[in-house]
Amino acid sequence: MSNDQYNQTGEQIIKIIGKDNIESVTHCATRLRFNVKDKDSIDTEAIEDIELVKGVFYNSGQFQVILGTGVVNKVYKAITGDSDEEDETQSDNQGSQEQKPKKGKIQRGVRTLADVFIPIIPGIVATGLFLGLQGVLLNESVLGFFGTTPDAIPESVLALITVLTDTVFAFLPALICWSAFKKFGGTPIIGFVIGLMLVSPALPNAYEVADATSSVEPLMAFGFIPIVGYQGSVLTALVVGIIGSKVEIKLRAKMPDSLDLMFTPFFVILVGVLGGLLVLGPVLHIVENGLVYVVNGLIHVPFGIGGFIIGLIYPLAVITGMHHLFLMIETTLLASTGFNPLITLCAMYGFANAAVCFAISRKSKKKNIKVMGTSAGITQLLGVSEPALFGIIIRYGTRPLTVMLLSSAVGGMVLSILGVQANAYGLAVILSPLMYIYSGYQFVSYIIVGVATFILAYILASLFAVPKELLEPDEKTAAKNS
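Residues numbered from 1 in each chain as written. Predicted model: local features only at pLDDT ≥ 70, side-chain atom pairs only at ≥ 80, totals over all residues. Heavy atoms only, no water.

A. Highlighting the environment of Met328. Note that Met328 resides in helix H15 (residues 325–337). The exposure class assigned to Met328 is buried, which follows from its relative accessible area of 11%. Between the alpha carbons of Met328 and Leu278 there is a distance of 23 Å; along the sequence they are 50 residues apart. Apart from residues lying up to four places away in sequence, Met328 is in contact with Leu113, Phe117, Val234, Leu235, Leu238 and Leu291. (Helix = DSSP H or I, 4+ residues; strand = E, 2+ residues; numbered from the N terminus. Buried < 20%, exposed > 50% of the residue type's maximum accessible area, 1.4 Å probe, protein only. Contact = heavy atoms within 4.5 Å.)

As structure tokens, then:
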């Protein structure tokens, strides 16, 4: 696709919205976000008729144009002439700052937390795939097919597999501290060093201390403060990272330039490590364990009720932007238990969302909705939900939304009853089965329920959720047929 088309798209959007009507423009991963003076003066249908546009909607005080991943960056660059493409985090932060009066503090806080966890997702996803492959390669049945057993695998091979599967979670606090320092304005390498010190080999390993069969005990400081390593501790690393970055910013503002290089890192690391090990860690570890207990309790409520509730509320969380909070909970679950049943129950939203879009697209007599619905459905299958959610489902009222919510909830309920759970996060819809390849039962069960959820949502949407106005041909189509 040529730059001319991106430039043309940007010019058309600006012309329709009105240059004088635009106060500011930002973008996220899939959408242009306009702060406008008068949203009612915008011809939304004219914008939707633009070839690259997948939909429009108004939310959180912004008029948003859905373009899709990759395309939005290029159109934004064409509009602003900015040579530096902003990433999702930067753009969302800018948008948040401009919309503070209209966006709640809780939503901004949740989004900020998400910005800490998003950069480490690739490492978690890769580790999940390594764990899945480990489950396949070391399976006795698989090895038996090749005439061997797990005992016959060389120790060096097992060591290499362990490096691939265990390293990220062993040093997770270092990754979180690094990301928190980067997000909140500190020096990332200082955060990384603090995180490494929280899991130093000199400290009793947290996993071994928690293992009732091991003889490893925590060290006791001052006779009553337990000191352990914080392997897999998400909340401790997050809070230490936030506080440490704030301390660094204040110290650098007061420290003489000649002493800054040496003493600022010294005091930041000292405060971060001692505060984490002696004060924050022991307290937050209790909070973290309580969070895992509560979430696991909800997930495993009998008869799949917990799965139904989670499957129902997750799409609503996406609409309000609160779904970013799930990232921290999922990371905590993975670090504490090695599994992530939460994303399993949330994932049916993607299948249901795509199915409703395809159903509306197939039944619609309007050409532009057929194109938009199909495009939004495909985009959802690839993991980006905004075009489907805002461009199709919410746009056409409560019936499509209700079908999507109920289908997502039913899928979550069935998965909860079957005990299906992922070993990673970050993979959506089509790619999501890769999070279950560690077990044949998990893999097959997830695919069957996912496909069934898709079919259920598609049938219900076809029967009950297609708006009447879409069943009437538009003027161009009617003229062509006559």
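B. Layout of the sheet that holds strand S4 (residues 62–66). Ordered in space as S1-S2-S4-S3, the four strands form an open sheet in which the pairing is antiparallel. Across the chains shown, the open sheet's two edge strands, defined by having one partner strand only, are strand S1 (22–27) and strand S3 (55–59). Each neighbouring strand pair of the sheet contributes to a mean axis angle of 20 degrees, computed without reference to strand direction. Relative to S4, S3 runs antiparallel, the two sharing five bridges. Residue Tyr58 lies in a different strand from S4, and its bridge partner there is Phe63. (Pairing = 2+ DSSP bridges. Axes fitted to C-alpha atoms, helices over the stretch in contact; angles between N-to-C directions.)

C. The side chain of Glu330, seen in detail. Looking at the secondary structure, you find Glu330 in helix H15. For Glu330, a relative accessible area of 5% corresponds to the buried category. Among the polar contacts made by the side chain of Glu330, one reaches the side chain of Asn340 at a distance of 3.3 Å. Once residues within four sequence positions are removed from consideration, Glu330 is found in contact with Asn340, Leu342, Ile343 and Tyr425. (Polar contact = N/O pair within 3.5 Å; in protein donor to acceptor, adjacent residues only side chain to side chain.)

D. Up close: the packing of aromatic side chains. Tallied over the full model, the rule gives 10 aromatic pairs. Ring centres of Tyr314 and Tyr349 lie 5.8 Å apart, and the angle between their planes is 70 degrees; this geometry places the pair in the edge-to-face category. Here Tyr314, found in helix H14 (residues 305–320), pairs with Tyr349, found in helix H16 (residues 341–363); they are 35 residues apart in sequence, far enough to count as distant. Taken as a pair, Tyr314 and Tyr349 share a single burial class, namely buried. An aromatic cluster is present here, built from Phe263, Phe266 and Phe267 joined pairwise through their rings. One cation-aromatic arrangement involves Lys39 over Tyr58; the distance from NZ or CZ to the ring centre is 5.1 Å. (Phe/Tyr/Trp six-rings, centres within 6.5 Å; stacked < 30°, edge-to-face > 60°. Lys NZ or Arg CZ within 6 Å of the ring centre and 35° of its normal.)

E. Structural detail: a nonpolar patch on the surface. Together, Leu259, Met262, Phe263, Phe266, Phe267, Leu270 and Leu274 make up a nonpolar patch on the protein surface, roughly 640 Å² of accessible area in all. Here Leu259 is to be found in helix H13 (residues 257–299). (Patch = residues over 30% accessible without salt bridge, like charges linked within 9 Å, V, L, I, M, F, W, Y side chains within 5 Å. Areas by Shrake-Rupley, 256 points an atom, 1.4 Å probe, with all protein chains shown as cover. Salt bridge = Lys/Arg side-chain N within 4 Å of Asp/Glu carboxyl O.)

F. Spatial organisation of the pairing of strand S2 (residues 31–36). Here S2 lies mainly inside the structure; six of its six residues are buried. Of the two faces of S2, both are covered, the one formed by Arg31, Arg33 and Asn35 as well as the one formed by Leu32, Phe34 and Val36. Where S1 and S2 come together, five bridges link them in antiparallel fashion. Across the sheet, the residue bridging to Thr26 is Arg33, located in S2. Two strands pair when backbone bridges link them, and S2 and S4 are joined in this way by four bridges, in the antiparallel orientation. Counted as the bridge partner of Arg31 is Ile66 from S4.

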